[in-house]
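Notes for the structure review
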Amino acid sequence: MPIPATASSNPNPNPNPNPNPNANPNSDETPTSVSGHGWPLFPLALAALLLRTLGEHTWAYVVAAVLGGVGLLGALIGLGECVGALRRGPARARGKAAWVAFLLLAGCFVVINRLITTW
C-alpha cells in the first residue's frame, strides 16, 4: 500500500506550479521575445553591403537578391510578431517591438531600393 504524501515529503518546497517566475500568472500565453525577431536584419545587411560594394557583377546581384529574399521573408514573419506584441504587450515590450519593426522596415527598404537602382 502506497504511503500518502505529506508536506515534509515534498521534494519541491515551492507551492507555485509555474516554473517560469517571469510569466504572468493571469495570462494563458507565455511571453515571447520581440528582440529575437530581428534576425532578418543579418541577411538584409549582407545583401545591402554586397550590392553596395560589388553590385556591378551579375553573381553578386544574384546572391544579394537571394539573401534579400530570405531577409524579406523573415522580416514579414518578424513584423507579424512585432504587430502582435504591439497589440497585447506591456509598454516596455511595445517600445521594443516598435524599434524592431522600424529596423526591419528600414532594412527591407534599403535592400529593395538597392536592387532597383543597381538593375
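Further up the page is the structure itself.
Computed from a predicted model, the values in this text were never measured in an experiment. (Residues numbered from 1 in each chain as written. Predicted model: local features only at pLDDT ≥ 70, side-chain atom pairs only at ≥ 80, totals over all residues. Heavy atoms only, no water.)

For the rest of this paragraph, the subject is the overall build of the chain. Secondary structure assignment for the chain yields three helices and zero strands. Counted from the first residue to the last, the chain has its helices and strands arranged as α-α-α. At a minimum sequence separation of 6, the contacts of the chain that also span at least 24 residues come to 70%. For the chain, the computed accessible surface area is about 8700 Å², with 66% contributed by carbon and sulfur atoms. (Helix = DSSP H or I, 4+ residues; strand = E, 2+ residues; numbered from the N terminus. Contact = heavy atoms within 4.5 Å. Areas by Shrake-Rupley, 256 points an atom, 1.4 Å probe, with all protein chains shown as cover.)

In the contact formed by helix 1 (residues 41-54) and helix 3 (residues 91-118), the axes pass within 9 Å of each other and the chain directions differ by 30 degrees. As the angle between them shows, helix 1 and helix 3 are arranged roughly parallel. The crossing of helix 1 and helix 3 is left-handed. For the pair helix 1 and helix 3, the contacting residues are L41, L44, A47, A48, L51 and R52 in the first and L103, L104, G107, C108, V110, V111, R114, L115 and T118 in the second. A per-class count over the contact of helix 1 with helix 3 returns eleven nonpolar, two polar and two charged. (Axes fitted to C-alpha atoms, helices over the stretch in contact; angles between N-to-C directions. Parallel < 35°, antiparallel > 145°, perpendicular 65-115°, else oblique. Left-handed = near helix turned anticlockwise from the far one by under 90°. Nonpolar A, V, L, I, M, F, W, Y, C, P; charged D, E, K, R; others polar.)

Our focus in this paragraph is the environment of L54. With respect to the element layout, L54 can be found in helix 1. Between the C-alpha atom of L54 and that of A64, which follows or precedes it by ten residues, the distance is 9.6 Å. Each residue touching L54, except ones within four places of it in the same chain, is listed here: W59 and A60.

Right, let's talk about helix 3 for a bit. Spanning 28 residues, helix 3 covers 41 Å between terminal C-alpha atoms, matching the ideal 40 Å at 1.5 Å per step. Restricting attention to buried positions, one finds in helix 3 the residues A97, V100, A101, L104, G107, C108, V111 and L115. Tucked inside the fold, the buried residues of helix 3 contact helix 1 and helix 2 (58-88). (Expected span 1.5 Å × (residues − 1). Buried < 20%, exposed > 50% of the residue type's maximum accessible area, 1.4 Å probe, protein only.)

Our next topic: the environment of R87. The residue R87 is located in helix 2 in this model. Accessibility expressed as a relative area gives 70% for R87, which makes it exposed.

Two elements in contact, helix 2 and helix 3, have axes whose closest approach is 9 Å; the angle formed by their N-to-C orientations is 155 degrees. Viewed along their axes, helix 2 and helix 3 adopt a mutual orientation that is roughly antiparallel. In this structure, the crossing between helix 2 and helix 3 has a hand that is left-handed. On helix 3, the residues touching Y61, A65, G68, L72, A75, G78, L79, C82, A85, L86 and R87 of helix 2 are R94, A97, A98, V100, A101, L104, L105, C108, V111, I112, L115 and T118. Looking at the contact of helix 2 with helix 3 residue by residue, the classes come out as 18 nonpolar, three polar and two charged.

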